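Below, each chain spelled out in residue letters.
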Amino acid sequence: MAQSIAIASGKGGVGKTSIAVNLALVLRQLGSRVTLLDADFGMANAHILMGQNLRPRIDKSMLANGTVDDALSTSAHGVTILSGGSAALDLLDLKKNERLQLIRNLESLSDETDYLIVDTPAGASDATLAFVAAADRIVLVVVGEPTSFMDAYTIVKAAHLEHGVRSFSVVVNMASDGQEARRHFDHFLAIALRFLDVELTYLGHLPMSLPLRRSVVARRPLMANPADAKGVEAEAFRSIAQKLLKAPANKSSGIRFFLDTMEKES
Ligand SMILES: Nc1ncnc2c1ncn2[C@@H]1O[C@H](COP(=O)(O)OP(=O)(O)O)[C@@H](O)[C@H]1O
Ligand SMILES: [Mg+2]
């Protein structure tokens, strides 16, 4: 029963990739088979945080031949990474039908993975929205800045109005403390509910963290480092993962990564 999880934010630099990578590792450590799709095609960097130098990568032939089985992936810390690689110019501007074809092709993963985590590109492009709407669960990453709220709101609004998505989960990143993070979430919730018929589930926060930043520089994810496993960040990642798996799922119709997930659940 494979499930897909999209990580989105609108604004760049708020921690999407850091969260995608570490959530993938938490789920792996819980015993699940995890695939991380770096959907920031052409400017991929999840593999860099995972300490991998990629050669195999998604390319246009994968769109055409309808399979992801042909060693188009690499593995790091037990997580399979699917990535367009960096500077893959032919993937920077996928056409709509190519993107939908790619999402469809990932269905073939459903027998070999439990969770597909999708790190989406910044912005609210058609590509980002297609990946968001195709996921069973959607994690919005916000930081306590008006620009972050507005960009995340843009994603919620577009995903809701254009794709019928109602259910989103929210992580507040780089917060000073839990109370401040909760205030940020409540503020964001109030904005969203004022204009849209959506539901937002609060998953928790991550502190502004030097270890997290260092882990990026060291190219070894925090959750891959046993020495960090008892830190506040590790606790936060585990708690966020648990709440996420219980959060309401996206029930919108349309093209999905795993077509029959919802049918299996119901
Ligand atoms: N909780 C945090 N505390 C400190 N730095 C963080 C935190 N989360 C992310 N960062 C840093 O912010 C920068 C952007 O993070 P990244 O995950 O690449 O964001 P995005 O994928 O949204 O662009 C990186 O340098 C990362 O180390
Ligand atoms: Mg990123």
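Structural data are supplied above this passage.
This write-up is about the structure you can find in this document. In this numbering scheme, every chain counts its residues from 1 along its sequence in written order. Chains and ligands are labelled by the order in which they are written, letters from A for the one and numbers from 1 for the other. The model is predicted, so local features are restricted to residues of pLDDT at least 70 and side-chain atom pairs to those at 80 or more, both for listing and for counting; the totals for chains, interfaces and linings are taken over all residues. Only hydrogens and water are set aside when side-chain values are computed; all heavy atoms of the structure are taken into account.

## Comments concerning helix α9 (residues 232–246)
Stated precisely, the cut-off is as follows: Runs of H or I in DSSP of at least four residues are treated as helices and runs of E of at least two as strands, each being numbered from the N terminus. The span one expects for a helix is its residue count, reduced by one, times 1.5 Å. Each residue is placed in one exposure class: buried if its accessible area under a 1.4 Å probe, protein chains only, is under 20% of its type's maximum, exposed if it is over 50%, and partly exposed if it falls in between. Arc definition: directions from the helix axis to the C-beta atoms.
With 15 residues, α9 should reach 21 Å at 1.5 Å per residue; the first-to-last C-alpha distance of 21 Å fits that figure. Along α9, the residues that are buried comprise Glu233, Ala234, Ala236, Phe237, Ile240, Ala241 and Leu244. Seen end-on, α9 carries its buried residues on one side only, within an arc spanning 160 degrees. Relative to its buried face, α9 has exposed residues pointing more than 90 degrees away, namely Val232 and Lys246.

## Comments concerning the site of ligand 1
Defined as follows: For each residue, the test is whether any non-hydrogen atom lies within 4 Å of the molecule or strand; if one does, the residue is near. For the purposes of these results, a polar contact is taken to be a pair of N or O atoms within 3.5 Å, where, inside protein, one atom must be able to donate a hydrogen and its partner to accept one; residues adjacent in sequence count only when each atom of the pair is a side-chain atom. The Shrake-Rupley method, run with a 1.4 Å probe, gives the accessible areas here. Residue values count only the displayed protein chains as cover. Only Asp, Glu, Lys and Arg are considered charged, only Ala, Val, Leu, Ile, Met, Phe, Trp, Tyr, Cys and Pro nonpolar, and every remaining residue, Gly among them, polar.
Every one of the 15 residues lining ligand 1 counts as a neighbour, but Gly13, Ser18, Asn173, Pro207 and Ser209 are closest to it. Contact between ligand 1 and Val14: an oxygen atom at 3.2 Å from a main-chain N or O atom of the residue. Interatomic distance of 2.9 Å between a backbone N/O atom of Pro207 and a nitrogen atom of ligand 1. When ligand 1 sits alone it has 560 Å² of accessible area, and the protein chains cover 84% of it. For the shell around ligand 1, the elements supplying multiple residues, two or more each, are α1 (16–29), β7 (167–175) and α8 (210–218). Grouping the constituent residues of the shell around ligand 1 by class yields six nonpolar, seven polar and two charged.

## Side note on unusual backbone geometry
A positive phi angle, near 55 degrees, is found at His77, a position not held by glycine. As for its position among the elements, His77 is in the loop between β3 (73–76) and β4 (79–83). Unlike most non-glycine residues, Met174 shows phi in positive territory, near 55 degrees. By the secondary structure assignment, Met174 is in strand β7.

## Notes on the nonpolar core
To be explicit about the condition: Only buried Ala, Val, Leu, Ile, Met, Phe, Trp, Tyr and Cys residues count toward a nonpolar core, and they belong to the same one when joined by side-chain atoms within 4.5 Å. Two residues form a contact once any of their heavy atoms are found within 4.5 Å.
Counting residues in each nonpolar core, the largest one holds 48 residues, and the members touching the most others are Leu37, Phe168, Phe188 and Phe257. A per-element tally of this core places helix α6 (residues 146–163) first, with seven residues. Every residue in contact with Phe188, bar those within four places of it in the chain, is listed here: Leu140, Phe149, Ala152, Tyr153, Val156, Val170 and Leu200.

## Points about the pattern of salt bridges
What counts here: Salt bridge criterion: a side-chain nitrogen from Lys or Arg within 4 Å of a carboxyl oxygen from Asp or Glu.
Applying the stated criterion to the full structure yields five salt bridges. With a closest N to O distance of 3.0 Å, Arg33 and Asp114 form a salt bridge. Of this pair, Arg33 sits in the loop between α1 and β2 (34–38) while Asp114 sits in the loop between α4 (96–105) and β5 (115–119), and the two are 81 residues apart along the sequence. Ionic pairing is found between Arg166 and Asp197, a salt bridge with its closest N-O pair at 3.3 Å. Here Arg166, found in the loop between α6 and β7, pairs with Asp197, found in the loop between α7 (178–195) and β8 (199–207); they are 31 residues apart in sequence, far enough to count as distant. Taking relative accessible area as the criterion, Arg166 reaches 36% and is therefore assigned partly exposed.

## Some remarks on the side chain of Ser4
By the element assignment, Ser4 lies in strand β1 (residues 3–8). For Ser4, a relative accessible area of 0% corresponds to the buried category. Residues contacting Ser4, with those up to four places away along its chain left out, are Leu116, Ala134, Ala135, Asp136, Arg137, Phe257 and Phe258.

## Description of the pairing of β1
We count it as follows: Any two strands are treated as partners once DSSP identifies two or more bridges connecting them.
Counting buried positions along β1 yields six of six residues, so the element is predominantly enclosed. Residues of β1 alternate between two faces, with Gln3, Ile5 and Ile7 on one and Ser4, Ala6 and Ala8 on the opposite face, all of them buried. As defined by bridge partners, β1 adjoins β5 across five bridges and the pair is classed as parallel. Within the sheet, the bridge partner assigned to Ala6 lies in β5 and is Val118. Where β1 lies against strand β6 (residues 137–142), four bridges are found, and the strand directions are parallel. Directly across from Ala8, in β6, lies its bridge partner Leu140.

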